[in-house]
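Architecture at a glance
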Amino acid sequence: MTNKPKRYSSESEFLADYDVTKFDRPSVAVNVLVFSVSNNVAENWRRTDKKSFSVLLVRRDDYPDIDKWSIPGGFIGMQETALDAAHRLLRSKAGVVGGIYLEQLYTFDDIDRDPRTRVFSIAHMALINKANLHYSGSHDVQWFDIELADGKLLLTSDDLILTDKDLAFDHAKIIKTGIERLRNKIEYTDIVFDMMPREFTLGELQQVYEIILGRKLIPAAFRRTIANKVVATEKMRTGSGHRPSVLFKKK
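Attention in this report is confined to the structure presented alongside it. (Residues numbered from 1 in each chain as written. Predicted model: local features only at pLDDT ≥ 70, side-chain atom pairs only at ≥ 80, totals over all residues. Heavy atoms only, no water.)

**Concerning the pattern of salt bridges**
Here the structure, examined in full by the defined rule, presents 16 salt bridges. In this structure, the salt-bridge partner of Arg 59 is Asp 140, at a minimum N-O distance of 3.0 Å. Here Arg 59, found in strand β2 (residues 50-59), pairs with Asp 140, found in the loop between β6 (119-127) and β7 (141-149); they are 81 residues apart in sequence, far enough to count as distant. With relative accessibility at 22%, the residue Arg 59 sits in the partly exposed group. Measuring nitrogen to oxygen at the nearest pair gives 2.6 Å for the salt bridge that ties Arg 116 to Asp 114. The exposure class of Arg 116 is partly exposed, given its relative accessible area of 44%. (Salt bridge = Lys/Arg side-chain N within 4 Å of Asp/Glu carboxyl O. Helix = DSSP H or I, 4+ residues; strand = E, 2+ residues; numbered from the N terminus. Buried < 20%, exposed > 50% of the residue type's maximum accessible area, 1.4 Å probe, protein only.)

Below is the structure:
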């Protein structure tokens, strides 16, 4: 004779009798991929400062993967959403507060991605204008310039060079996924302006597009592409060793 499931008279009775240990309960984390654009001062005064595409990383201070660099992250609290947790972690681990572009990127759920237990990570992508960021980093929190070629990741700071294997967990995979998302979206959206100053030259804007896309762009074609996204101001950029350039802003 088969045992029939117990019939409850109400949902409250069912919930009071519910056994939360009946099913496995994996942990759920959030990682926040923070992208920005960095300025590297040109040695030749006649050249425009070279820009680089950057990601913010923190050094892990505990096992697993102690001392490895990672994307800011942590576990989601029982009384917060994934988005709430993302904002909390940006504040506590990266010193970033409000006023930024933030979107959910992807859920990473490889079975063996964390040696502690089964951990899902709901990754988010944030875009920041570093000029508006009142945070300069520290020994354990640093900006790294990004190079991605042939599927291989290279991250560099003033004194460090990191490759895929130098990052904690599957964070190289998360960074690559974020780069691909950003490369796809800047072609048809205006999210790139979240990493730009309020005013810029078209040459500076093109350089930002190029370092994110990883390829050179034809100036005339680029200007047609962004014509409906920007508007000229009455200001000029001077003193860079070149003829004065008109400053633009997001339309």
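**Digging into the environment of Pro 26**
Structurally, Pro 26 can be placed in the loop between α1 (11-17) and β1 (27-40). On a C-alpha basis, the gap between Pro 26 and Arg 118 in space is 5.1 Å, while along the polypeptide they are 92 residues apart. Dropping the residues within four chain positions of it, Pro 26 is found in contact with Arg 118 and Phe 120. (Contact = heavy atoms within 4.5 Å.)

**Observations concerning the packing of aromatic side chains**
Summed over all chains, the structure comprises seven aromatic pairs. A centroid spacing of 5.1 Å and a plane angle of 70 degrees characterise the contact between Tyr 209 and Phe 222, whose relative ring orientation is edge-to-face. Taken together, the residues span a long stretch of sequence, with Tyr 209 in helix α4 (residues 202-213) and Phe 222 in helix α5 (residues 219-226) at a distance of 13 residues. Note on Phe 222: relative accessible area 4%, which makes it buried. Ring-pair connections join several aromatic residues into one group, and the members of that group are Tyr 8, Phe 14 and Tyr 18. (Phe/Tyr/Trp six-rings, centres within 6.5 Å; stacked < 30°, edge-to-face > 60°.)

**Regarding the side chain of Gln 142**
Examined against the element boundaries, Gln 142 turns out to sit in strand β7. Within the structure, Gln 142 has its side chain in polar contact with the side chain of Ser 157 (distance 3.3 Å). Setting aside its immediate chain neighbours within four residues, Gln 142 contacts Val 55, Leu 56, Leu 57, Trp 69, Ser 157, Asp 159 and Leu 160. (Polar contact = N/O pair within 3.5 Å; in protein donor to acceptor, adjacent residues only side chain to side chain.)

**What about α4?**
With twelve residues, α4 should reach 16 Å at 1.5 Å per residue; the first-to-last C-alpha distance of 16 Å fits that figure. Burial runs high along α4: ten of the twelve residues are buried. Within the sequence span of α4, burial applies to Leu 202, Glu 204, Leu 205, Gln 206, Gln 207, Val 208, Tyr 209, Glu 210, Ile 212 and Leu 213. Within two residues after α4, Gly 214 carries a phi angle of roughly 75 degrees, on the positive side. (Expected span 1.5 Å × (residues − 1).)

**Here we look at unusual backbone geometry**
Put simply, Tyr 63 and Pro 64 share a cis peptide bond, and its omega is 0 degrees. Structurally, the position occupied by Pro 64 is in the loop between β2 and β3 (69-70). Its identity is not glycine, yet Asp 65 carries a phi of approximately 60 degrees, on the positive side. As for its position among the elements, Asp 65 is in the loop between β2 and β3. Notably, Asp 67 is not glycine yet its phi reads approximately 75 degrees, a positive angle.

**Points about the environment of Arg 60**
Tracing the backbone shows Arg 60 in the loop between β2 and β3. Between the C-alpha atoms of Arg 60 and Asp 140, which are 80 residues apart in sequence, the distance is 8.0 Å. Look past the residues within four positions of Arg 60 in its chain and what remains in contact with it is Asp 65, Ile 66, Asp 67, Lys 68, Ser 70, Arg 116, Ala 168 and Phe 169. From its side chain, Arg 60 meets the backbone oxygen of Pro 64 in a polar contact 2.7 Å long.

**A few points about the nonpolar core**
Judged by nonpolar contacts, the single largest core of 44 residues is most densely connected at Phe 35, Leu 57, Leu 155, Leu 182 and Leu 205. With six residues, the single largest contributor to this core is α4. Those residues in contact with Leu 155, other than ones at most four positions away along the chain, are Val 55, Leu 57, Phe 144, Asp 145, Ile 146, Leu 160, Ile 161, Leu 162, Leu 167 and Ile 175. Val 30, Ala 82, Ala 94 and Ile 122 belong to the second largest nonpolar core, which has 18 residues in total. (Core = buried A, V, L, I, M, F, W, Y, C linked by side-chain atoms within 4.5 Å.)

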